[in-house]
Structures are given as structure tokens and as C-alpha cells.
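Structure assessment
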Amino acid sequence: MKACDTDSEAVKEEKTMAIKQISVFLENKPGKLDAMTKALADAGITLRALSLAETKDFGIVRMIVDDVFDTATVLKEHDYIATLTPVVAVMIPDEVGGLNGVLTVLTKASVNLEYMYATLAGKQTGNAYMILRVEQVKKAEEVLRAAGYRLADEGVI
Amino acid sequence: MERYYQKELECASPEKMREIQNEKLLKQVKHVWDHVPYYRKKMEEKGVTPDDIHSVDDLHKLPFLSKADLREAYPYGLLGKPLKECVRIQSTSGTTGKRVVAFYTQHDIDLWEDCCARAITAAGGTDEDVCQVSYGYGLFTGGPGLNGGSHKVGCLTIPTSSGNTDRQIMFINDLHATILCCTPSYAAYLGERMKEMGLGPDDIPLKAGIFGAEAWSEEMRQDIQNTMGIKAYDIYGLTELSGPGVSFECSAQAGMHVNEDHFLPEIIDPDTEEVLPPGSEGELVFTALDKEAFPMIRYRTRDICCLSREKCSCGRTLIKMKKPKGRSDDMLIIRGVNVFPSQIETVLLNQGYPANYQILVGRVNNTDTLDVLVEMTPEMFTDNLGEINRRQKELVDGLRAMLGIKANVKLVAPKSIARSEGKAVRVIDNRKI
């Protein structure tokens, strides 16, 4: 499935907790996001988290979904262009400085953060998670785990 | 081994060709003087009679015909034979808003089909071949012209006409079509669809394509050749002169041989109307030497190109014309700069973008705007916004270098630009001038 090749070698590495995020190209026009989410809803897909990065003419929709394969298939059927990216989901303690603690760990390990967004979709726990896109997925996971943070895999989010 | 359809004419010595042209020209001028009052009046206004024309060297004495004349004389004013002797009309697509209706006697159709047969033979076609004609049939000359040429060569002809892309591909595969005739934009679309269906160059039985009726770039040729595993040949023509086959490409794939025993070319300065010396770039003008029903003399094509007498490796002695940069009708003047859609296409294909694009011209605060719409592809797409922006900027820079003015690049959704089955609609000019 060409449209959904992963664009990082990270997922091929030995077992990581990385979650596969689906990024979709959309024109920045009224109704485009509506049409895409409708296609996913009609196919019975649940969105766990979503974030938008936009320019004047187009945007990238980044999503965590319950079934990556089904989502990729539905998107392709509807002529959307999508790609998979490994991201790290880390549980954030509900306290002052909760996010800062995570970022400090990453900074100390010189892990560069490209972007991040939040979700409340901790299935059982009701906890808040940050979805982190970093260059070195495995290293980020190691240092966060060593610092006592809880990472989520696809089943949890 | 190079094959020819009419070797004695295609490889004639310069002296022989000149003799043919002189004889036909004198006869044609007399024919027009006697039977086309519209043109006779033009000759009289210029103070020239058939007695002043002794050879092709006197061609410059004759008045020009232009699209405006065709409009004025519509429909019968330029007819050279009684309607009783005419057997067919063809008409232009009217893409530039000026529909042309051309008439043919059986003799005219014969010579036109001979020209198309020369093109098919030059592309390697023989009576062993299966030739699929996916140009539109009907008023448009593309389908009927290549259909007739294909019959003359003896190919098994599949007259699919344009449209119904999946059926086109089914016929190509099931009947092992070896030659495809259509517009280059439709060829690109067929290639794109075959690729989607998982058909690679080795799976497709085609060996050659004859593509014309619109301007296309060398990069687009490479793209089509690689996708389908064929050799793609250019063909040129216009309804006013009969249709496709006025000139055609040979195995050298470097310029098109003009069927100059039928269509005598000149290059003029479009502003001064002076004939330019050999090798100069200018407007292409044709005299149809032996067409009876619609005998165009010194017809101004609006196409900008140049002619060359250089020896060709294929053995033909017919004069060659370069691929026209584009019809001067296609030329856009944006912020005072001449822009041809083919220049934009060259940049897009060079940077790996698909050949499906659209050019939007507008005007904001009395300044022209130029937007180039390009479809996002799986190969280009990445989750990294910065990377997409970088590629977009690279394209803007490439366009600026080619055109000399800034174009905005808009990335649009896949399949959002309509595919064309005939002539592609590349330019939408929203300027109200």
C-alpha cells in the first residue's frame, strides 16, 4: 500500500511502544475535514486523537485511530493521500509542571521534538496523554520510561 | 530498418521536390483565382494575378489568409469546389472560441489519409500492427484522420474514440494494440490509470504512440515513454489544412517532417509579415498545394517555431519543423511577459510532479496573478510540513527561473483536477479585460 508507507525507519526497529499516527493531506477549504471524518465514521472508525497543521492552501490532519489498517484502506478508497508516522504517547500527571517534566527529560537526552498534541483518550484510565513526534523514537521511549513515565501503546489509547 | 509509406516523395531530391511544388502551386493559384472569389479579391487588392506566380520563389507576392478571414468567409466563402463534389466536413473544437468548418472532396481526404499513413509508418507501423485510435471521432479531425491513415497502412484499426478509459485499457490488453493514437494529455492519463491498475511498461503490449493536437513538452514525452514502455511520436496538423499529418516525427524523434509536397511551409515575422531566412524562429505559414475544396494559401497558423533543412538520420528529405512552442493563441501575457503553458509543464515534470496541472490567471488591483495548481502525490507527501513547504518553494523558484515572473503554487487534492479525454483544459483565464 504505497500511499501508506511509513516515512521513518523507527517502526522497523526492535519492539517499541510507538503508536502509528496517520497523516492525511487535505485542501484548506470548507467541508474537506467534514468529508474525510464522515468517510471514517461511515466505516466505523473511532478517532482517538486529532491535530491539524495548516498552511494557507492545504493542511495535514494527524490522527490516532483505533484501527490503522482499516483507516488506511478507507482513505485510499476515497482517494486521500496518507502516510504513517511513529509517535510516542506519554501519560501526563495532572499537576503543575506535569508537561515540563516530560520535556526536561527529553531535553537532557537531546531528543528533538517536532510537534505534539494532547488527548484525553486514555481508554480505561481517563488520563491525559501527550502525543509526541520526535526524531529518535526509541531513545525518547527509553529515557521517558527510565524517568518513570507511563507510555501508552495502541491498545491503551 | 526505416520504413516509408511513399518513399519517392518522402525521400525526394531537393530538385524533384521543388519541381513538384512549383507545378502544384501554379495550378493551385489558378484554381483559387478561378473558383474562390474571396481570395481573388484579396489578390486583386494586392495587385497580383496568377501570371505573376512562376515558382515557389514568388509565394511571398500572394496575400495571407488568417483566422479572421475564415470567420468572415464562414461557411462557404472559401470553398474551392461545388458542394456537390464535397463529401465531408470537419470542424475545430472551438477551444479558442472561433469554430472553423473545413470541406473535403474525396481527393482531399485521400491526400490527408496518405499524410497520416506516412506518420504511422514512420512510427514503425505496418499491416502487422494493431492501431488503437483514441482521438475523438466526429467533427474533430484527430479520430477520422488517424483512422484513415491506419486503414491505408493496413493496420487492424480499433476505433475506440476518446473516453471510457478502462475500456480503452481493456482493448489495448485484450487485442494487443501496438500503436496508440490520442492527445498527449490523454496518453498521460491512460498511463496513470494503467499504473494504478498495476500494469508496468513490460505488461503493456503497446510499442509506439502518435500523440498530437496540443502542445506537449519533451519531459512529458519521457514520462509517457517510461510509464508505458513505448516510443512516443509527435504529430502536427490543423483543421484548416486537413487535420493531423501536416507534419510528423520519424525514428530520430527530433523535429517533425513537413509533408511539403502537400503543405508548403514558410516562417514569417508575425508583426511585419516579412518572410524570415531559413532557421529563424517566427510564425508558421502554410500553403496547401493540392487541396481542392478548402484551398488555403499562405494560411497563418499562429504557431511559433522554426524550420530546418538539416539532414535527418531517417533518410527523409522532407523539411523539418521544431515542435511549436505553443500556438500564439495559447500564449498568455502575464504582467507583460509571454508565458506558454508548455514552459510550466517542463518545470513541473522536471521536478517530478504529475502532468496533470491547471493554470489560473486572474487580476487583483490591476496586477495579473498566476496560480499553478498541482496535485499532491503519494511520492511527494510527507508528515513534515517544512519538507512540503521546501519542495513547494523549489517549484516556485523553478517556475520563476523559467518564466521570469513569480507564480503561486497551490497543492491540491489528488484527482481534483479534471482529466481530459481530448484536448486538456490547462488554462483558466479569469481576467476581465
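Residues numbered from 1 in each chain as written. Chains lettered and ligands numbered in written order. Predicted model: local features only at pLDDT ≥ 70, side-chain atom pairs only at ≥ 80, totals over all residues. Heavy atoms only, no water.

**As for the packing of aromatic side chains**
Residue and element names in this part refer to chain B. Summed over the entire model, instances satisfying the criterion amount to nine aromatic pairs over all chains. Taken together, a centroid distance of 5.8 Å and an interplanar angle of 45° make the contact between Tyr-76 and Phe-103 tilted. One end of the pair, Tyr-76, is in the loop between α4 (67-73) and β1 (86-91); the other, Phe-103, is in strand β2 (residues 101-105), with 27 residues separating them in the sequence. Judged by its relative accessible area of 48%, Tyr-76 falls in the partly exposed class. Residue classification places Phe-103 among the buried positions, given a relative accessible area of 5%. Plain terms: the ring middles of Phe-103 and Phe-294 are 6.2 Å apart, the flat faces sit at 55° to each other, and that makes the pair tilted. Linking Phe-103 in strand β2 with Phe-294 in the loop between β11 (282-288) and β12 (299-305), this pair joins segments that are 191 residues apart in sequence. (Phe/Tyr/Trp six-rings, centres within 6.5 Å; stacked < 30°, edge-to-face > 60°. Helix = DSSP H or I, 4+ residues; strand = E, 2+ residues; numbered from the N terminus. Buried < 20%, exposed > 50% of the residue type's maximum accessible area, 1.4 Å probe, protein only.)

**So, the domain arrangement of chain A**
Residue and element names in this part refer to chain A. Taken domain by domain, chain A comprises domain 1 (2-85) and domain 2 (87-152). At the junction of the two partners, domain 1 supplies 16 residues and domain 2 supplies 15 residues. Surface buried jointly by domain 1 and domain 2 totals about 1,500 Å² across both partners, of which 59% is contributed by carbon and sulfur atoms. For the domain 1 face of the interface with domain 2, the top three residues by lost area are Met-17, Ile-19 and Arg-48, together amounting to 35%. One can count zero salt bridges joining domain 1 with domain 2. Counting every contact that joins domain 1 to domain 2 gives six residue pairs in polar contact (both at pLDDT 80 or more). Broken down by secondary-structure element, the contributors of at least two residues to the side of domain 1 that touches domain 2 are β1 (19-27), β2 (47-54) and β3 (58-65). Grouping the constituent residues of the side of domain 1 that touches domain 2 by class yields eight nonpolar, four polar and four charged. (Domains from an automatic or database assignment. Contact = heavy atoms within 4.5 Å. Buried area = accessible area lost by both parts, 1.4 Å probe. Salt bridge = Lys/Arg side-chain N within 4 Å of Asp/Glu carboxyl O. Polar contact = N/O pair within 3.5 Å; in protein donor to acceptor, adjacent residues only side chain to side chain. Nonpolar A, V, L, I, M, F, W, Y, C, P; charged D, E, K, R; others polar.)

**A word on the pattern of salt bridges**
Residues and elements named next belong to chain B. Applying the stated rule across the entire model yields 37 salt bridges over all chains. Across the salt bridge formed by Arg-300 and Glu-273, the nearest N and O atoms sit 2.7 Å from each other. Here Glu-273 lies in the loop between β10 (263-268) and β11 and Arg-300 lies in strand β12, a separation of 27 residues in the sequence. Relative accessible area serves as the criterion here: at 8%, Arg-300 is assigned to the buried category. A relative accessible area of 38% places Glu-273 in the partly exposed class.

**Focus on helix α3 (residues 98-108) of chain A**
All names here are of chain A. Among all positions in α3, only Gly-98, Val-102, Val-105 and Leu-106 are buried. In an axial view of α3, the angular spread of the buried residues amounts to 95°, which keeps them on one side of the axis. Away from the buried face of α3 by more than 90 degrees, exposed residues Asn-100, Thr-107 and Lys-108 are located. Turning to α3, the residues buried within the fold contact β4 (82-92), β6 (128-134) and α4 (137-146). Two residues or fewer past α3, Ser-110 is found with a positive phi of approximately 55°. (Arc of directions from axis to C-beta.)

**Looking at the interface of chain A and chain B**
Between chain A and chain B, the contact holds 23 residues from the first and 20 residues from the second. For the pair chain A and chain B, the summed buried surface comes to about 1,600 Å²; carbon and sulfur atoms form 65% of the total. The largest contributions to the chain A side of the interface with chain B come from Phe-25, Phe-58 and Ile-81 of chain A, which together make up 35% of the buried area. Linking chain A to chain B there are two salt bridges. Notably, a salt bridge pairs Arg-62 of chain A with Asp-383 of chain B, separated by 2.8 Å at the nearest N-O pair. For the pair chain A and chain B, the number of links is four residue pairs in polar contact (both at pLDDT 80 or more). Elements with a minimum of two residues in the side of chain A that touches chain B: β1, β2, β3, β4 and β5 (113-119) of chain A. The greatest single-element share of the side of chain A that touches chain B, amounting to five residues, is contributed by β1 of chain A. A class-by-class count of the residues in the side of chain A that touches chain B yields nine nonpolar, five polar and nine charged.

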